[in-house]
Amino acid sequence: MVVPVAFFGLFFAWPVAAIVARGLKTDGSWQFGRIADVLAQSDIRHVLWFTTWQALASTALTLAVALPGAYVFARYDFPGKQILRAVVTVPFVLPTVVVGTAFLALVGRGGLLDELWGVRLDTTVWAILLAHVFFNYAVVVRTVGGLWAQLDPRQEEAARMLGASSWRAWRKVTLPALAPAVAAAALMVFLFTFTSFGVVQILGGPTFSTLEVEIYRQTSEIFDLGTAAVLTLVQFVAVGAILAVHAWTVRRRESVLRLVAPETTARRPRGAGQWALLAGVLATIAVLLVLPLAVLVQRSLDAPDFGYYRALTSADGGVFLVPPIEAIGNSLEYAVAATAIAVLIGGLAAAALTRRDAGRFVRGFDALLMLPLGVSAVTVGFGFLIALDEPPLDLRASWILVPLAQALVGVPFVVRTMLPVLRAVDQRLREAAAVLGASPWRVWREVDLPLVRRALLIAAGFAFAVSLGEFGATVFIARPDNPTLPVAVARLLGRAGDLNYGQAMALSTILMVVCAVALLVLERLRTDRTGEF
Amino acid sequence: MSSKKYFAVVVGLGLVALSACGSSDEGGSQSESKTVTLVSHNSWAVSKGVLAAFEKESGYQVKVLEDGDAGQAVNKAILTKDNPQGDVFFGVDNTLLSRALDNGLFQSYEAKGADTIKAGYRVDGDKVTPIDTGDICLNYDKAWFTEHKLQPPTSYDDLIKPAYKNLLVTENASTSSPGLGFLLGTAAKYGDDGWEAYWTKLKANGVKVVDGWEQAYNEEFSGSAGGKKAKADRPLVVSYASSPPAEVIYADPKPSTAPTGVVEGTCFRQVEYAGLLRNAKNSKGGKALIDFLLTKKFQEDMPLNMFVYPVVEGAAVPAEFTKYGPAAKDPETMDPAKIADHRDDWVKSWTSLVLK
């Protein structure tokens, strides 16, 4: 418990507090009046309103599109299911800078919608909503589908034997069991869309702005740290509330359900209706998720003889001191370091959270660990600069800052994956081992570790994939001699010229493939109780 | 009990690891004076050999820190001014110079070679040294205008004519530096009172505004590589005078002429400066580095790396530049002090005028 608390205190709470304090303090006295001033501005109120309603609409749309998918992944068995589950997760871990461009090919000019029906959605709110579905589809499929697969279908069958209609049986038996997972998924999607940055910036055009975009603008462009600090606090409160509700629904879910192994609940679809549902879900995935990714691949191949890929190996372009291909190595190195930190911190936190004697405070910490997911990267980045600036902790120019920042985002995933598994370990096993004379360390090694080994690997894999795609924090601190993949892509896109654009597409494709492979490996490791992400 | 011991071990290991990183980065006091740190934005680029030559001659090891885009980098430097991340800051331009100077970011230093800087680029005082210039100009898609048998526009005035309706895409002036440059160009041209009327007409003539240069150039502009793939339909974009040469240099095979051109009557000149940071730990090395930035060697290396023009007399500009995108002869300019006085208000008025 001490280590995770110290880690979050040092690398999250302190930097964020430092930058907020800088914004709200003038000549040593607090300017809390600024809060009212800022919130009274009509522009800011407009931003708050837009942030909220687009998040609500995105969440509703994501649930509507992804719940059938969750059902199909949970209950049907079909060839290629594992690969497909990995594929639908790829968007979630890819940086928006990469896919925003490709997503325009779907909804923008000359895109699929344009060609079929002459509909263009770029710079409309529809583009934002659809992109949010694209990015968060996997959250619903994995959270809801994971649990759905473990609900015993025989309960519903029993209700039908007793005379209930199939709709009534579903409503009375399955829905109540599923509701907490749906709520948890909805809240996660709400959290991610409430704090949406890249999607809104790239697809929304300058007329739409979320709280997160506004914080970035105030900090980075206008340099009005006071306004940024107020907005950060507002977002903090909102995210805290979302997480509190989320923690509550998660706890409810972990209580009463009788779960079975997912392999026993899935079967081949039968009858025209089920096949049609499967086909519908597959078509949705193909159009909404695979097509934008395919556009990236196609554009990366748009030069003879893999020209863009070959160009990646040369440093002549001048955009970097090193050939862009080296970004792959940098990304992998950072991701390994970030994963190690995230697994250590997240694992310790999860272990502390499962202890019987864990009090209120510790359980509250569960929700606190998720906060970095909802605090803007620019706030954390600027906070690092002014908080971690003195030896021995002058890390501003150190390579370790990149994995540290990435680990902040990875830890919540580790905790969420480990927690259900650790909670399922029978406490009596540990007690028996202790009674027989094992030291706590040995108890952990002999009892917990074998049981959670797979969950640990999955957690590590997810943290790894998230680190690979992390852009917001990395872009602040990456060094020119070792850019990560997303940073390299962003920089190539910032230059005119065919080769730069093509190389950006090629690097994006490589990043996508690396993420997909990492996720595919995870699929092979799935255990029956690790459904949350 | 012993789980606490375990935590203690982990914490201990962590601290050892951190301090190890710290020391390997800081170096002893002896090696510190041998390292000079340059803080810049992420467009910084230099040929390896040129930098290596400086390191060899001066005996300093150059460490480069890139701090986001131009605006971010300046803001970060201001935030850390009491305990700066490096010795020299490069990349503050005339639109942001006052913010840096007002915050006391730099200490005085007159660079060796300052007398070779072309007239017109010097600023008052010796806090900063001009290093390069670049022009923000309208780019046009040559093929599009040939195909539609239309003359490309030649001035700001042309853009509000019916013939050029719905052809221009520009960037958000509050989030993008070319977007801001274009706004300042029109303010310089039409004056403090006239630019709003001009933008009202421009809006009525169908100007499209997107958030950043990447979207404008790669997605909306029909003349760029990305735009061609995205079937873009705007043949006019706010970009740089050096973009057409880039379209030739970064093409394989290289075309004989650039697919895009510059509307020379619509340029706004940016000047980028470097300065010695106040509280720099290695100010001697910093001074040497600034001197180096003004050497002919660096100035002539710069154009093809950062796509900007040199500022010193007699520095050769690469043939690609003169051939595919001549520097604007008579660009709009504005005094940094005037920009500082008006920037926020103008951007605010522009936002409510054009975006709302």
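Residues numbered from 1 in each chain as written. Chains lettered and ligands numbered in written order. Predicted model: local features only at pLDDT ≥ 70, side-chain atom pairs only at ≥ 80, totals over all residues. Heavy atoms only, no water.

- In the nomenclature of an unreviewed UniProt entry, chain B corresponds to Thiamine ABC transporter substrate-binding protein from the organism Streptomyces aquilus.

- Going by what an unreviewed UniProt entry lists, chain A is known as Iron ABC transporter permease and is assigned to Streptomyces aquilus.

Examining the interface of chain A and chain B
And then number 1: Contact residues are listed per partner, giving 67 residues for chain A and 65 residues for chain B.
And then number 2: A combined buried area of about 5,800 Å² lies between chain A and chain B, and 55% of that area is made up of carbon and sulfur atoms.
And then number 3: Here chain A and chain B share one salt bridge between them.
And then number 4: Glu66(B) serves as the salt-bridge partner of Arg491(A), at 3.4 Å between the closest nitrogen and oxygen.
And then number 5: The interface formed by chain A and chain B holds 18 residue pairs in polar contact (both at pLDDT 80 or more) in total.
And then number 6: The dominant element in the side of chain A that touches chain B, judged by the number of residues it contributes, is helix α11 (residues 211-222) of chain A, at six residues.
And then number 7: Looking at the side of chain A that touches chain B residue by residue, the classes come out as 34 nonpolar, 14 polar and 19 charged. (Contact = heavy atoms within 4.5 Å. Buried area = accessible area lost by both parts, 1.4 Å probe. Salt bridge = Lys/Arg side-chain N within 4 Å of Asp/Glu carboxyl O. Polar contact = N/O pair within 3.5 Å; in protein donor to acceptor, adjacent residues only side chain to side chain. Helix = DSSP H or I, 4+ residues; strand = E, 2+ residues; numbered from the N terminus. Nonpolar A, V, L, I, M, F, W, Y, C, P; charged D, E, K, R; others polar.)

Digging into the state of the cysteines
Residues and elements named next belong to chain B.
And then number 1: The final tally for this structure, using the stated rule, is one disulfide over all chains.
And then number 2: The residue that forms a disulfide with Cys-137 is Cys-267, at a sulfur-sulfur distance of 2.0 Å. On the S-S bond that ties Cys-137 to Cys-267, the torsion sits near 115°, and the link is right-handed. Residue Cys-137 is found in strand β5 (residues 128-141), and its partner Cys-267 is found in strand β9 (residues 260-277); the two are separated by 130 residues along the sequence.
And then number 3: When its relative accessible area of 2% is taken as the criterion, Cys-267 is described as buried. (Disulfide = S-S within 2.5 Å. Buried < 20%, exposed > 50% of the residue type's maximum accessible area, 1.4 Å probe, protein only.)

Describing the confidence of the model for chain B
Residues and elements named next belong to chain B.
And then number 1: Model confidence for chain B is summarised by a mean pLDDT of 87, while 91% of its residues fall at 70 or above.
And then number 2: Here residues 1-31 is a poorly scored stretch, pLDDT under 50, and it has 23 contacts once near neighbours within four places are set aside; other chains count.
And then number 3: Predicted complex metrics record ipTM = 0.81 and pTM = 0.86. (pLDDT = per-residue confidence, 0-100.)

Focus: the pairing of strand β6 (residues 168-171) of chain B
Residues and elements named next belong to chain B.
And then number 1: The side-chain alternation of β6 yields two buried faces, one formed by Leu-168 and Thr-170 and the other by Val-169 and Glu-171.
And then number 2: With two bridges connecting them, β6 and strand β8 (residues 236-240) associate as parallel partners. Across the sheet, the residue bridging to Leu-168 is Leu-236, located in β8.
And then number 3: Across three bridges, β6 lies against strand β7 (residues 208-210) in parallel orientation. What sits directly across from Val-169, in β7, is Lys-208.
And then number 4: Traced from β6 through helix α7 (residues 177-204) to β7, the parallel crossover comes out right-handed. (Pairing = 2+ DSSP bridges. Right-handed = clockwise from strand over helix to strand, strands pointing away.)

Here we look at the confidence of the model for chain A
And then number 1: Residues with a pLDDT of 70 or more make up 92% of chain A, whose mean pLDDT is 83.
And then number 2: Low pLDDT, under 50, characterises residues 528-533 of chain A; the stretch is placed with 26 contacts to residues that sit more than four places away or in other chains.

A look at the side chain of Ser242(B)
And then number 1: When you line up the elements, Ser242(B) lands in the loop between β8 and α10 (243-249).
And then number 2: Excluding residues that lie within four positions of it along the chain, Ser242(B) makes contacts with Phe307(B) and Phe321(B).

Details of the domain arrangement of chain B
Residue and element names in this part refer to chain B.
And then number 1: Under the domain assignment, chain B is made up of domain 1 (30-133 + 271-317) and domain 2 (135-269 + 323-355).
And then number 2: A C-alpha centroid distance of 28 Å is found between domain 1 and domain 2.
And then number 3: Listed by partner, the interface residues are 12 residues for domain 1 and 18 residues for domain 2.
And then number 4: Among the residues domain 1 hides against domain 2, the three largest losses belong to Thr-95, Phe-307 and Tyr-309. Together they make up 48% of the total.
And then number 5: The tally of links between domain 1 and domain 2 comes to zero salt bridges.
And then number 6: Counting across the interface, domain 1 meets domain 2 through five residue pairs in polar contact (both at pLDDT 80 or more).
And then number 7: Of all the elements, helix α5 (residues 97-102) adds the most residues to the side of domain 1 that touches domain 2, at three residues.
And then number 8: For the side of domain 1 that touches domain 2, a count of residues per class yields seven nonpolar, four polar and one charged. (Domains from an automatic or database assignment.)

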